[in-house]
Amino acid sequence: MAQLARALPLFDVAREPDEYAAHGEVHTRRWVVELILDLIGYRAARNLADLRVVEPACGHGAFLEVITRRLSESCRVHQRSLIDAAGAVRAMDLLQRNVDESRHVVRRTLARDGWDPDVAAEVANLWVRQGDYLLDDFDRPEADLVVGNPPYIRLEDIPIERMRLYRHACRTMTGRADIYVGFFEVALASLRSGGKLGFICADRWMRNQYGRDLRRLVSRTGSVDVVVSMHDVDAFHDQVSAYPAISVLRKGKQGPAIVVQASRGFDAQGATELGAWVQSQSHDALAGRGFAAARLPVWFSGDDLWPAASPARLTMIEQLNDRFAALGDPASGVRIGIGVATGADTVFITRDPDLVEPARLLPLAMAGDTKSGNLEWSGNYLVNPWDDSGRLVSLDAFPRLANYLTRHADVLGRRHVGRRQPTRWYRTIDKVDARLTALPKLLLPDMKITSQPVLDEGGHYPHHNLYYVVSDSWDLRVLGGLLLSKVAEAFVDAYAVKMRGGTLRFQAQYLRRIRVPARADVTVADRRALAEAFERRDADAATAAALRVYGLGCLPD
């Protein structure tokens with residue numbers, strides 16, 4: 001496999017002429033490198049010549065320079081020769097120019113430290129090699145520590161043959177994964193027991209579908225020791241929308257986890273302060289320069305979504321997770337769903353009430369109908385090809401529907417669902433459950449800055465950019481008050497992958513993370529307060545009532 005990998009093109013020059021950009025390289029600031037090495041315990045006071053540190057994608061040598069300097073100092077402290085450390089570092093990169101530059105960085109750093117230039121050159125050639133970390137398994141040593149900044153590039157942006165090899169080699173790289181997922185998998189597999197991994201890269205794998213298998217792997221074989229969320233921090237030399245975090249994982253049983261929320265003001269001084277606090281093993285939370293840090297007794301396990309928030313918010317979420325049922329669980333008495341996806345909205349959505357037979361039209365609620373906080377129907381109908389039992393209607397029974405859909409047969413037949421089921425070419429992607437139309441339901445637009453549930457008293461079918469909540473037991477105004485509150489919003493904020501500008505995704509997978517009390521445990525006074533707050537669209541009043549319901553004194557920042 002490794003020989004075949006070397007024979008494949010590394011990138012598509014015709015499509016992407018910038019070799020570095022094609023490999024998703026983002027260059028890390030020096031102080032961030034220093035922090036990561038501190039967090040994994042790579043300090044000169046240790047006898048580093050007896051450890052092996054691996055960097056899977058060394059790039060221009062940002063990590064290697066600091067590693068080399070610390071290893072050099074350690075050799076002096078522990079009276080070791082540089083040759084003793086010949087196997088102490090292994091760095092790889094796909095690009096030969098990066099290998100050459102990184103070797104130069106190592107030689108220069110060692111020479112400045114007074115080591116013999118010939119020995120420095122020999123060690124640099126041993127330490128840094130050209131190769132593909134994900135595929136060259138014979139060249140991937142067992143490691144005590146793995147560090148670095150894995151490449152940022154989607155699998156679909158890689159030449160297809162190499163993509164297939166990556167998927168075969170790294171079973172956690174499912175769906176539309178970024179290749180950094182594979183770097184986590186391979187690094188974890190290479191660690192000795194108790195070994196640590198320290199990466200800075202996007203943290204979206206913790207909160208989206210393509211990270212599910214990696215979360216499962218980490219929960220099964222490792223421990224999440226430190227997570228430093230740095231979304232707004234100037235961590236790289238280039239401006240990128242990478243949503244970065246430092247993740248320190250250990251091969252071993254899960255223990256307490258350090259969680260850090262860093263703000264825009266987090267810098268080298270703050271990093272030094274954080275590193276000292278971690279090393280002190282203090283159990284007191286710390287509000288430092290541009291960051292807040294705390295220790296949780298345990299990390300979130302399994303392949304479910306992992307939250308990201310301030311340490312205080314994570315503590316609150318952990319406590320509420322233990323005490324209350326999740327929205328959508330049978331115990332909550334609530335069901336969550338998404339509106340209909342048609343695959344051809346221009347055909348299936350109309351404002352003409354006489355377009356087809358009246359029985360084949362359903363009033364359709366759109367996201368735009370909820371902007372005011374109340375449902376204000378804009379007059380859109382769904383052309384519905386499904387009967388009340390969930391079967392496609394016979395076009396022979398509805399001549400006007402047949403005539404209309406036949407005029408658009410070309411468009412409908414070209415859809416994936418039309419090609420896959422040519423005899424059912426006129427279906428919508430999703431089946432329509434006509435019973436949902438009459439049910440009272442809460443509607444939540446997919447993308448919003450804040451939680452904005454809107455009540456449909458019944459009579460409308462939701463479009464696919466609306467999620468709905470129905471219940472046989474809850475007064476939906478009371479439930480709407482809970483969902484309007486900042487407590488409920490805190491769950492979505494912690495679990496959802498955020499869009500630009502802080503826009504949240506109120507999708508079913510995130511709504512199901514919201515915890516709700518048993519309906520019977522909510523006092524009559526609190527039910528009234530929540531319902532009134534919902535009707536007034538008063539998020540502050542809803543939050544005040546929700547805090548009482550959840551037994552919280554305040555909502556942590």
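Scope of this entry: the structure provided in the associated data block. (Residues numbered from 1 in each chain as written. Predicted model: local features only at pLDDT ≥ 70, side-chain atom pairs only at ≥ 80, totals over all residues. Heavy atoms only, no water.)

**Structural notes on the packing of helix α17 (residues 476-484) against helix α21 (residues 539-550)**
So, point 1. One can describe the packing of α17 onto α21 by two numbers: an axis separation of 8 Å at closest approach and a directional angle of 100 degrees. One element, α17, and the other, α21, form an angle in the roughly perpendicular class. Residue-level contacts link Gly 481, Leu 482 and Leu 484 of α17 to Ala 539, Ala 542, Ala 546, Val 549 and Tyr 550 of α21. (Axes fitted to C-alpha atoms, helices over the stretch in contact; angles between N-to-C directions. Helix = DSSP H or I, 4+ residues; strand = E, 2+ residues; numbered from the N terminus. Parallel < 35°, antiparallel > 145°, perpendicular 65-115°, else oblique. Contact = heavy atoms within 4.5 Å.)

**Comments concerning the packing of aromatic side chains**
Aromatic ring pairs are defined here through the distance separating the ring centres and the angle between the ring planes.
So, point 1. In total, this model carries twelve aromatic pairs according to the counting rule given.
So, point 2. Ring geometry for Tyr 133 versus Phe 183: centroids 5.7 Å apart, planes at 20 degrees, classification stacked. Taken as a pair, Tyr 133 in the loop between β3 (128-130) and β4 (143-148) and Phe 183 in helix α8 (residues 180-190) lie far apart in primary sequence, 50 residues in all. For the pair Tyr 133 and Phe 183, a shared accessibility class is recorded, and that class is buried.
So, point 3. Centroid distance Tyr 180 to Phe 184: 6.4 Å. Interplanar angle 70 degrees. Geometry classified as edge-to-face. One end of the pair, Tyr 180, and the other, Phe 184, are both in helix α8, four residues apart, so they sit about a helical turn from each other. Both residues of the pair, Tyr 180 and Phe 184, count as buried. (Phe/Tyr/Trp six-rings, centres within 6.5 Å; stacked < 30°, edge-to-face > 60°. Buried < 20%, exposed > 50% of the residue type's maximum accessible area, 1.4 Å probe, protein only.)

**With respect to the pattern of salt bridges**
So, point 1. In this structure the tally under the stated criterion is 31 salt bridges.
So, point 2. One salt bridge connects Glu 34 with Arg 70, and the closest N-O pair in it is separated by 2.6 Å. With Glu 34 in helix α3 (residues 30-39) and Arg 70 in helix α4 (residues 62-77), this residue pair connects regions lying 36 residues apart in the sequence.
So, point 3. Judged by relative accessible area, which is 8%, Arg 70 ranks as buried.
So, point 4. With its nearest N and O atoms 2.9 Å apart, the salt bridge here joins Arg 548 to Asp 526. With a gap of 22 residues between them, Arg 548 in helix α21 and Asp 526 in helix α20 (residues 524-536) connect regions that are remote in the sequence.
So, point 5. Take Asp 526: its relative accessible area is 10%, and that puts it in the buried class.
So, point 6. Overlapping salt bridges bring together Arg 30, Glu 34, Asp 38, Arg 43, Glu 65, Arg 69 and Arg 70 as one network. (Salt bridge = Lys/Arg side-chain N within 4 Å of Asp/Glu carboxyl O.)

**Digging into unusual backbone geometry**
So, point 1. Of note in the backbone geometry, Gln 79 takes a positive phi value of approximately 55 degrees without being a glycine.
So, point 2. Exposure remark for Gln 79: the relative accessible area of 73% places this residue in the exposed category.
So, point 3. Look at Arg 537: it is not a glycine, yet its phi comes out positive at around 60 degrees.
So, point 4. Mapped onto the secondary structure, Arg 537 falls in the loop between α20 and α21.

**A few points about the nonpolar core**
So, point 1. One finds Tyr 42, Trp 205, Met 230, Ile 246, Phe 266 and Leu 274 to be the most contacted residues of the largest nonpolar core, which totals 150 residues.
So, point 2. In this view, Ile 246 contacts Val 32, Leu 35, Ile 36, Leu 39, Phe 199, Ile 200, Val 226, Val 227, Val 228 and Met 230; residues no more than four positions away in its chain are not counted.
So, point 3. If you look at the next biggest cluster of nonpolar residues, it comprises 35 residues, including Phe 348, Tyr 381, Leu 401 and Tyr 461. (Core = buried A, V, L, I, M, F, W, Y, C linked by side-chain atoms within 4.5 Å.)

**As for α17**
Side chains that are three or four residues apart share a direction in an α-helix, a result of its 3.6 residues per turn.
So, point 1. Burial analysis of α17 places eight of its nine residues in the buried class, which makes it a mostly covered element.
So, point 2. Within the sequence span of α17, burial applies to Leu 476, Val 478, Leu 479, Gly 480, Gly 481, Leu 482, Leu 483 and Leu 484.
So, point 3. The N-cap residue of α17 is Asp 475: its side-chain oxygen and the backbone nitrogen of Arg 477 are 2.8 Å apart. (Polar contact = N/O pair within 3.5 Å; in protein donor to acceptor, adjacent residues only side chain to side chain.)

**Comments concerning the side chain of Thr 342**
So, point 1. Mapping Thr 342 onto the fold places it in the loop between β12 (334-338) and α12 (345-348).
So, point 2. At 3.0 Å, the side chain of Thr 342 and the backbone nitrogen of Ala 344 are in polar contact.
So, point 3. Thr 342 has contacts with Phe 348, Leu 382, Arg 415, Arg 427, Thr 428 and Ile 429, leaving out every residue within four places of it along the chain.

**As for the sheet that holds β3**
So, point 1. Across the sheet, which stays open at both edges, the ten strands sit in the order β3-β2-β1-β4-β5-β7-β6-β8-β10-β9 with mixed pairing between neighbours. Across the chains shown, the open sheet's two edge strands, defined by having one partner strand only, are β3 and β9 (286-288). Neighbour to neighbour, the strand axes of the sheet diverge by 15 degrees on average, direction disregarded.
So, point 2. As paired elements, β9 and strand β10 (residues 291-296) share three bridges and run antiparallel to each other. Note on β10: the bridge partner recorded for Leu 286 is Ala 293.
So, point 3. Sheet contacts for α3: β4, β5 (191-202), β6 (222-229) and β7 (244-251); angle to β7, the most-contacted strand, approximately 20 degrees.
So, point 4. Lying on the sheet, helix α11 (residues 311-323) is in contact with β8 (257-262) and β10; it crosses β10 at an angle near 35 degrees. (Pairing = 2+ DSSP bridges.)

**Quick notes on the sheet that holds strand β20 (residues 466-471)**
Strand pairing in a sheet relies on backbone hydrogen bonds. The paired strands run either parallel or antiparallel.
So, point 1. An order of β12-β20-β16-β18 is seen for the four strands of this open sheet, with the pairing classed as antiparallel. Of all strands in the sheet, those bounded by a partner on one side alone are β12 and β18 (454-456). Taking the axes of each pair of neighbouring strands and ignoring which way they run, one obtains an average angle of 30 degrees across the sheet.
So, point 2. Of the pairings in the sheet, the one linking strand β16 (residues 441-445) to β18 comprises three bridges and is antiparallel in character. Note on β18: the bridge partner recorded for Leu 442 is Leu 455.

Without other data, these values stay purely geometric and don't point to any function.
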